[in-house]
Amino acid sequence: DAMVIQNPRYQVTQFGKPVTLSCSQTLNHNVMYWYQQKSSQAPKLLFHYYDKDFNNEADTPDNFQSRRPNTSFCFLDIRSPGLGDAAMYLCATSSGNPYYEQYFGPGTRLTVT
Amino acid sequence: GIQVEQSPPDLILQEGANSTLRCNFSDSVNNLQWFHQNPWGQLINLFYIPSGTKQNGRLSATTVATERYSLLYISSSQTTDSGVYFCAVPRGFTSGTYKYIFGTGTRLKVLA
């Protein structure tokens, strides 16, 4: 089945220790999104790619970076995680024009100790 | 920017009951999605519904874009319907695609 996969599902990192979360998709979609969701809140968009074209949200901290080496994979790098970065990180894809429906992966729950 | 409010914020139902969840948005939109977030955190697509009415089993949704709201109907609720329901609408178009904002969510608990 075509799907969006996120690894790992659970990640524990230490304060200040860089961490990378990964997302892959078999849907061959042009668009990939990264969202951050803190407890009892709605998902919040961090950035997205249309193919290789990267779009950062104005309020995404500089501590968060992303890479998309090919259509299938996208990575979220947190350079120096703080306690406030503990959250669920959700990856989504969309085929783009004319179909804009988003499809989400299962998420990675990040704990910072 | 566009604001998206959902009501009610919390809802407790007895199994078998029906319910209506509402999503209000402050500006015109040309697409809208409903999601169910299960207890493990995954967002499950329910409907992509820019306008009109769609049905899928016990669930149906209606979007009235001109009046800036969408409704999600759950009939004969089951315990597996528990979780958080979000609507999401576009808040900008950049580089060939939409950026989305999620509503405030409705937390549903269905009791056996």
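Our subject is the structure that appears above.
Residues numbered from 1 in each chain as written. Chains lettered and ligands numbered in written order. Predicted model: local features only at pLDDT ≥ 70, side-chain atom pairs only at ≥ 80, totals over all residues. Heavy atoms only, no water.

A. View of the state of the cysteines. All names here are of chain A. Enumeration according to the criterion identifies 2 disulfides over all chains in this entry. Two residues, Cys23 and Cys91, share a disulfide whose sulfurs are 1.9 Å apart. Disulfide Cys23-Cys91: torsion about the S-S bond near -75 degrees, hence left-handed. Taken together, the residues span a long stretch of sequence, with Cys23 in strand β3 (residues 19-25) and Cys91 in strand β9 (residues 87-94) at a distance of 68 residues. (Disulfide = S-S within 2.5 Å. Helix = DSSP H or I, 4+ residues; strand = E, 2+ residues; numbered from the N terminus.)

B. Local environment of unusual backbone geometry. With an omega of -10 degrees, the peptide bond between Asn7 of chain A and Pro8 of chain A qualifies as cis. Tracing the backbone through its elements, the reader meets Pro8 of chain A in the loop between β1 (4-7) and β2 (10-13). Each neighbour pair has its own omega, and for Ser7 of chain B with Pro8 of chain B the value is -10 degrees, a cis peptide bond. A positive phi angle is found at Asn28 of chain A, which is not glycine, with a value near 60 degrees. Note on placement: Asn28 of chain A falls in the loop between β3 and β4 (31-37). What makes Asn28 of chain A exposed here is its relative accessible area of 61%. Its identity is not glycine, yet Asp51 of chain A carries a phi of approximately 55 degrees, on the positive side. Within the secondary structure, Asp51 of chain A is located in the loop between β5 (44-50) and β6 (53-56). Classification of Asp51 of chain A by relative accessible area gives partly exposed; the value is 35%. (Buried < 20%, exposed > 50% of the residue type's maximum accessible area, 1.4 Å probe, protein only.)

By themselves, these are just geometric observations and shouldn't be taken as functional.
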